[in-house]
Amino acid sequence: MTASLDRLTELRRALPITAAATFVVALLVPVWKIAFEAPQYPDGLLVELYAYPRLGGDYAEVQALNHYVGFYYPDPVFVDPNYAVHADAIAAPEWVLGPVVFLAVAAAGVFVALAPTDRKLRLGLLGQLIGATVAFVGTFAIVQYRLYQAGHALGEDAPVVGVEEFTPPLLGAYEIANISGVAWFGPGGYLAGIGFLLLVVAFLLRGSRVTIGEVPGAVRDRLAGGADESPTDEPARTADGSGRPTDGTHTEVN
């Protein structure tokens with residue numbers, strides 16, 4: 001039992017477990033946010049989105065603004081969100097699977113960390129990194145596609161007419177009519193990014209048995225090794241700066 005616990009202090013095992021914790025915590029906070037500016041709201045508005053069908057911040061005020069151009073929050077279909085779903089809203093049933101993705105990647109991290117052999121651990125780290133990449137890149141692609149759909153399905157009965165179809169970016173700034181917005185990661189998005197980076201580091205350390213407690217010493221050794229490798233081939237200068245011996249002997253070249 002003690003030996004098994006000692007193995008979990010290896011960075012290649014501890015990092016996936018730490019990453020699992022970050023993915024779980026990411027579910028408790030918004031993963032994405034959009035800051036809006038409009039003449040009616042000089043102080044700006046902020047909408048926060050979670051990994052499951054829930055909005056936070058000034059979502060009611062932004063929903064009222066979106067109504068003018070016929071842009072609506074998506075309909076998660078299978079659950080009732082904490083906002084009113086418009087009849088013309090696009091369907092996004094996969095939104096309910098957000099927690100499944102995060103928890104699946106987290107569970108994989110714990111499973112891999114407990115691998116009984118080196119070979120299984122290395123294969124597990126590779127498999128998890130590939131799986132996490134596919135999961136998160138796929139999620140990004142789906143969300144961006146839904147944003148494209150929403151921006152190209154503007155309600156025909158919107159009070160403001162003549163607004164051209166557009167594609168809000170998942171990350172970045174955009175403007176529609178007299179409303180501008182900037183989309184970026186929320187706290188949960190940053191946590192998910194940190195967790196993914198931990199998986200990358202764990203994979204890079206897949207052949208190392210260095211433990212958490214050995215990290216400071218390993219860093220010191222690496223720094224000391226770099227200092228020892230400094231150039232020492234330059235000949236010592238003598239008192240007269242010539243580099244020639246000072247014992248009175250020298251070689252003459254005819």
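In this report, the structure presented in the accompanying data block is examined. (Residues numbered from 1 in each chain as written. Predicted model: local features only at pLDDT ≥ 70, side-chain atom pairs only at ≥ 80, totals over all residues. Heavy atoms only, no water.)

### A word on the overall build of the protein chain
Scanning the protein chain for helices and strands turns up seven helices and five strands. Secondary structure of the protein chain in N-to-C order comes out as α-α-β-β-β-α-α-α-β-β-α-α. Counting over 254 residues, the protein chain shows a buried share of 34%. In the protein chain, the proportion of contacts linking residues at least 24 apart, taken out of those at least 6 apart, comes to 60%. Approximately 15100 Å² of the protein chain is accessible, and the part contributed by carbon and sulfur atoms is 62%. (Helix = DSSP H or I, 4+ residues; strand = E, 2+ residues; numbered from the N terminus. Buried < 20%, exposed > 50% of the residue type's maximum accessible area, 1.4 Å probe, protein only. Contact = heavy atoms within 4.5 Å. Areas by Shrake-Rupley, 256 points an atom, 1.4 Å probe, with all protein chains shown as cover.)

### As for the nonpolar core
Counting 50 residues, the largest nonpolar core has Phe23, Trp32, Phe36 and Phe102 as the members making the most contacts within it. The greatest single-element share of this core, amounting to seven residues, is contributed by helix H5 (residues 118-151). Excluding residues that lie within four positions of it along the chain, Trp32 makes contacts with Val47, Glu48, Leu49, Leu147, Pro169, Leu170, Leu171, Ala183, Trp184, Phe185 and Gly186. (Core = buried A, V, L, I, M, F, W, Y, C linked by side-chain atoms within 4.5 Å.)

### Digging into the sheet that holds strand E2 (residues 41-49)
Spatially, five strands are ordered E3-E2-E1-E5-E4 in an open sheet, and the strand pairing comes out antiparallel. For this open sheet the edge positions go to strand E3 (55-57) and strand E4 (172-176), each flanked by a neighbour on one side alone. Between one strand axis and the next, the sheet turns through 25° on average, direction left out of account. Bridge count for strand E1 (residues 32-38) against strand E5 (residues 179-185) is six bridges, and the pairing is antiparallel. Within E5, the position partnered with Phe36 by the bridge is Gly181. (Pairing = 2+ DSSP bridges. Axes fitted to C-alpha atoms, helices over the stretch in contact; angles between N-to-C directions.)

### Concerning helix H3 (residues 59-69)
Looking only at H3, the buried set comprises Val62, Leu65, Asn66 and Val69. Seen along its axis, H3 keeps its buried residues to an arc of 100°; they face one direction. Those residues of H3 that are buried lie in contact with E1, E2, E4 and E5. (Arc of directions from axis to C-beta.)

### Some points on H5
Between its first and last C-alpha, H5 extends 49 Å over 34 residues, near the 50 Å set by a 1.5 Å rise per residue. Leu121, Gly124, Leu125, Gln128, Leu129, Ala132, Phe136, Leu147, Ala150 and Gly151 are the residues of H5 that are buried. Buried residues belonging to H5 abut helix H2 (11-26), E1, helix H4 (98-113) and helix H6 (187-204). (Expected span 1.5 Å × (residues − 1).)

### Brief notes about the packing of aromatic side chains
Per the stated rule, a full pass over the model turns up 10 aromatic pairs. With centroids separated by 5.6 Å and ring planes inclined at 45°, the aromatic side chains of Tyr50 and Tyr52 adopt a geometry described as tilted. With a relative accessible area of 15%, Tyr50 lands in the buried category. The exposure class assigned to Tyr52 is partly exposed, which follows from its relative accessible area of 29%. Between the aromatic rings of Tyr145 and Tyr148, the centroid separation amounts to 6.5 Å while the plane-to-plane angle is 20°, which identifies the pairing as stacked. One end of the pair, Tyr145, and the other, Tyr148, are both in helix H5, three residues apart, so they sit about a helical turn from each other. (Phe/Tyr/Trp six-rings, centres within 6.5 Å; stacked < 30°, edge-to-face > 60°.)

### Some details on the pattern of salt bridges
Tallied over the full model, the rule gives six salt bridges. Arg13 is the partner of Glu10 in a salt bridge, and the nearest nitrogen-oxygen pair spans 3.4 Å. Glu10 gets classed as buried once you look at its relative accessible area, which sits at 6%. Between Arg209 and Glu10 there is a salt bridge, and its shortest N-O distance comes to 3.8 Å. One end of the pair, Arg209, is in the loop between H6 and helix H7 (215-228); the other, Glu10, is in the loop between helix H1 (2-7) and H2, and 199 residues separate them in sequence. When salt bridges with common partners are traced through the structure, they connect Glu10, Arg12, Arg13, Asp118 and Arg209 into a single cluster. (Salt bridge = Lys/Arg side-chain N within 4 Å of Asp/Glu carboxyl O.)

### Quick look at empty space enclosed by the protein
Under the counting rule described, the total for this entry stands at two cavities of 30 Å³ or more. Estimates place the volume of the largest cavity at around 60 Å³. Phe36, Asn66, Val69, Phe71, Phe166, Pro168, Tyr174, Ile176 and Ile179 are the residues that line the largest cavity. Only H3 and E4 provide two or more residues apiece to the lining of the largest cavity. There is about 40 Å³ of room inside the second largest cavity. In the lining of the second largest cavity, the residues fall into five nonpolar, one polar and one charged. (1 Å grid on protein atoms, 1.4 Å probe; cavity = no way out; pocket = protein on both sides within 12 Å on 5 of 7 lines; lining within 4 Å. Points joined across faces, edges and corners; volume = space filled by probe spheres on them. Nonpolar A, V, L, I, M, F, W, Y, C, P; charged D, E, K, R; others polar.)

### A short note on the packing of H2 against H5
Closest axis-to-axis distance for the H2/H5 pair is 11 Å, and the angle between their directions is 30°. By the criterion of interaxial angle, the relationship of H2 to H5 is roughly parallel. Here H2 runs over H5; the crossing is left-handed. Residue-level contacts link Arg12, Arg13, Pro16 and Phe23 of H2 to Asp118, Leu121, Leu125, Gln128 and Phe136 of H5. Of the residues in the contact of H2 with H5, the class split is five nonpolar, one polar and three charged. (Parallel < 35°, antiparallel > 145°, perpendicular 65-115°, else oblique. Left-handed = near helix turned anticlockwise from the far one by under 90°.)

That is the geometry; function is a separate question.
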